[in-house]
Amino acid sequence: MTYDEALARLKAHGQEGALRFWNKLDAEGRRRLLAQIGRIDLDNVSRLARLLTPRGSAGPAHADIAPATVLPGLELADAANVRAGRDALRAGRVGVLLVAGGQGSRLGFEGPKGMFPLAPITGATLFEIHARKILALQRAYGADLPLYVMTSRANDAATRDFFERHGRFGLPAGAVRFFVQGMWPALTADGQLLLDAPDHVFESPDGHGGILDALEADGSFDDMSRRGVEFLFYFQVDNPLVEIADPGFIGLHRRREADASVKVCAKKHPAEGLGVAVERGGRNAIVEYSELTDAQKEATGSGGRLLFLYGSVAIHVFSLDFLRQECARRLPVHIAHKKVPYCDAGGQTVAPDRPNAFKFEKFIFDVLPDAERVVNVEFAREEEFSPVKNARGDDSPDTARRDMMRKQARRLEQCGVTVPRDAQGLPRHRIEIDPCFAPGPADLRGKVKPGMRVEGDLLLA
Ligand code: UTP
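Residues numbered from 1 in each chain as written. Predicted model: local features only at pLDDT ≥ 70, side-chain atom pairs only at ≥ 80, totals over all residues. Heavy atoms only, no water.

Engineer: Could you give an account of the overall build of the chain, with specific residues and numbers?
Structural biologist: Of the regular secondary structure elements, the chain holds 15 helices and 20 strands. A compact globule built from 461 residues should have a C-alpha radius of gyration of about 23 Å, and the chain, at 24 Å, falls within 12% of that. Dimensions along the principal axes, computed over C-alpha positions, put the chain at roughly 75 × 50 × 50 Å. Of all 461 residues assigned to the chain, the portion counted as buried reaches 53%. Looking at the chain alone, contacts between residues at least 24 apart form 76% of all its contacts between residues at least 6 apart. When the accessible surface of the chain is totalled, it reaches about 20,500 Å², and 48% of it is carbon and sulfur. Mean positive and mean negative side-chain charge positions of the chain (62 and 62 charges, respectively) differ by 3 Å. (Helix = DSSP H or I, 4+ residues; strand = E, 2+ residues; numbered from the N terminus. Rg over C-alpha atoms; globule rule 2.2 N^0.38 Å. Buried < 20%, exposed > 50% of the residue type's maximum accessible area, 1.4 Å probe, protein only. Contact = heavy atoms within 4.5 Å. Areas by Shrake-Rupley, 256 points an atom, 1.4 Å probe, with all protein chains shown as cover. Lys, Arg positive; Asp, Glu negative; His and termini not counted. Charge placed at Lys NZ, Arg CZ, Asp CG, Glu CD.)

Engineer: How would you explain the environment of Ser152 if you had to name every residue and give the values?
Structural biologist: Here Ser152 lies in the loop between strand 3 (147–151) and helix 7 (156–165). Beyond its immediate stretch of four places on either side in the chain, Ser152 contacts Gly101, Val180, Gln181 and Pro205.

Engineer: How would you sum up the pattern of salt bridges? Please name residues and give values.
Structural biologist: Here the structure, examined in full by the defined rule, presents 40 salt bridges. For Asp403, the salt bridge identified is with Arg402, shortest N-O distance 3.4 Å. Note that Arg406 is salt-bridged to Asp403, the shortest N-O span being 3.8 Å. Residue Arg406 and its partner Asp403 are both found in helix 14 (residues 397–414); the two are separated by three residues, about one turn of the helix. Exposure class is identical for Arg406 and Asp403. Each is buried. Several salt bridges converge on common partners, so that one network encompasses Asp144, Arg177, Asp218, Asp223, Arg226 and Arg227. (Salt bridge = Lys/Arg side-chain N within 4 Å of Asp/Glu carboxyl O.)

Engineer: Lay out the pairing of strand 3 with the relevant residues and their values.
Structural biologist: The buried fraction of strand 3 is high, at five of five residues. Of the two faces of strand 3, the one holding Leu147, Val149 and Thr151 and the one holding Tyr148 and Met150 are both buried throughout. In terms of strand pairing, strand 2 (residues 94–99) meets strand 3 through four bridges, oriented parallel. Residue pairing across strands places Val96 opposite Leu147, the latter belonging to strand 3. This β-α-β element, strand 2 to helix 6 (residues 126–141) to strand 3, shows right-handed connectivity. By the bridge criterion, five bridges tie strand 3 to strand 4 (residues 176–180) in an arrangement that is parallel. Across the sheet, Tyr148 pairs through a bridge with Arg177, a residue of strand 4. One crossover worth recording links strand 3 to the parallel strand 4 by way of helix 7, and it is right-handed. (Pairing = 2+ DSSP bridges. Right-handed = clockwise from strand over helix to strand, strands pointing away.)

Engineer: So, the side chain of Ser261: which residues are in play, and what are the values?
Structural biologist: Position of Ser261 among the secondary structure elements: in strand 10 (residues 260–266). At a separation of 2.7 Å, a polar atom in the side chain of Ser261 contacts the side chain of His253. In this structure, Ser261 is in contact with Phe249, His253, Ile315, His316, Val317 and Val375, ignoring residues within four places of it in sequence. (Polar contact = N/O pair within 3.5 Å; in protein donor to acceptor, adjacent residues only side chain to side chain.)

Engineer: Break down unusual backbone geometry for me, citing the residues and quoting the values.
Structural biologist: Even without being a glycine, Ala245 presents a positive backbone phi close to 50 degrees. Of note, Ala245 is situated in the loop between strand 9 (231–236) and helix 10 (247–255). Of the residues examined, Ala245 reaches a relative accessible area of 0% and is grouped as buried. Of note, the phi angle at Ala314 is positive, near 65 degrees, even though the residue is not glycine. The residue Ala314 is located in strand 13 (residues 310–319) in this model. Accessibility expressed as a relative area gives 12% for Ala314, which makes it buried.

Engineer: Describe the environment of Val96, naming the residues involved and giving the relevant values.
Structural biologist: Locating Val96 in the fold gives a position in strand 2. Accessibility expressed as a relative area gives 0% for Val96, which makes it buried. For the pair formed by Val96 and Ile364, sequence separation is 268 residues and the distance between their alpha carbons is 15 Å.

Engineer: Give me the lowdown on the pairing of strand 2, citing residues and values where you can.
Structural biologist: Counting buried residues along strand 2, six of its six residues qualify, which places the element largely inside the surrounding structure. For strand 2 and strand 9, the ladder comprises six bridges, and the chain directions are parallel. Each bridged residue has a counterpart across the sheet, and for Val99 the counterpart in strand 9 is Gln236.

Below, the structure is given as structure tokens:
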């Protein structure tokens, strides 16, 4: 693309300000900027700009929602469901979707969040923890269980390189596929692009809902069909407790002939930032925490329990056919007022101390209202959810490590092992069990001696 072509395209969309430092750029900077402008879908930028109201961004109102129907957690242990899930796993009908394209800004870790060292003793990273669980399943079921990892342009190379350097943590080369999600520019309140360097327009990943377009563009949907995959287990990179491709969950989804299934748990308190499971006009949906009114967050129903009690932690099963159909539809856009770095008049990059621009994202759970059949099922939070979001405090590496050790302590105790604990119930010694050593509680029996007592750090690998 030449300068004249870029200028004409930008002018047609009222965005010629993106070239305002042109005269100051060297040849490399000019090439970089023109290439980026050539890539940005300016029709889409104009569509996003039209979503901004004069007040900024008006969040959607959700006046017409009711709590969703939620099945009890017993369904996940139901023998027929577990059998149906195991059959699907053995037959190679299950694939795994891992979304890892986020920026992890709250954690503040240099590099993809999946590379964060987390395991209490070995320091295994989030990627390794997930990959070893999948490897354990591949071995247990003698099937491929292909893993599809969504990255973003910012972390794709580092992610692929990390997996390769570690021999994909034992996963066969043909069973791991990376694909890159799209990026969207941010806009000022008056709909203008922001430059975060004189030769660069600020862009960020288009949200985990970007997975649909990204899977389609990459040919991953075709790859799944070729392999005979019908069910996709979906999860986020930051949750080390996740029970990947839990057979009871897959089987429940399958036996209910669902398009989409959602694991939900009771919110800890009204202000907890989980999206809640709701129904609207006979359709299921998840409404983001920030889009609920205070009255909705605090409303109580029978027995004084929260009315909108059940939150989603982004653990899903989707039917492949349904997700493919969803590609043809356009997911709604969510808008957030954020701090976005920008160039001042002199071309210096400024990190603002308050929100100055709007970012746009798509969310995967917005497929739910299109689904004919949705299953919401309650799961035990302490067993399956402890995310790494923040550097310190709640939902941090410390809390995730603590919850990993508590989970393993419970498993050991179920096998008759004594685990000394402190006053808070935290094991006195560090505990880590490699997923390939014992994927589930039943596998641990026979591998540890009942009556044994944990006397120091315990690594079972
Ligand atoms: P979060 O919403 O927690 O965002 O993502 P984040 O980017 O990881 O962290 P912050 O908000 O910047 O601190 C939840 C999951 O969705 C993925 C993330 O990688 C994480 O697994 N995600 C998020 C994407 O894959 N792409 C996105 O555009 C956004």
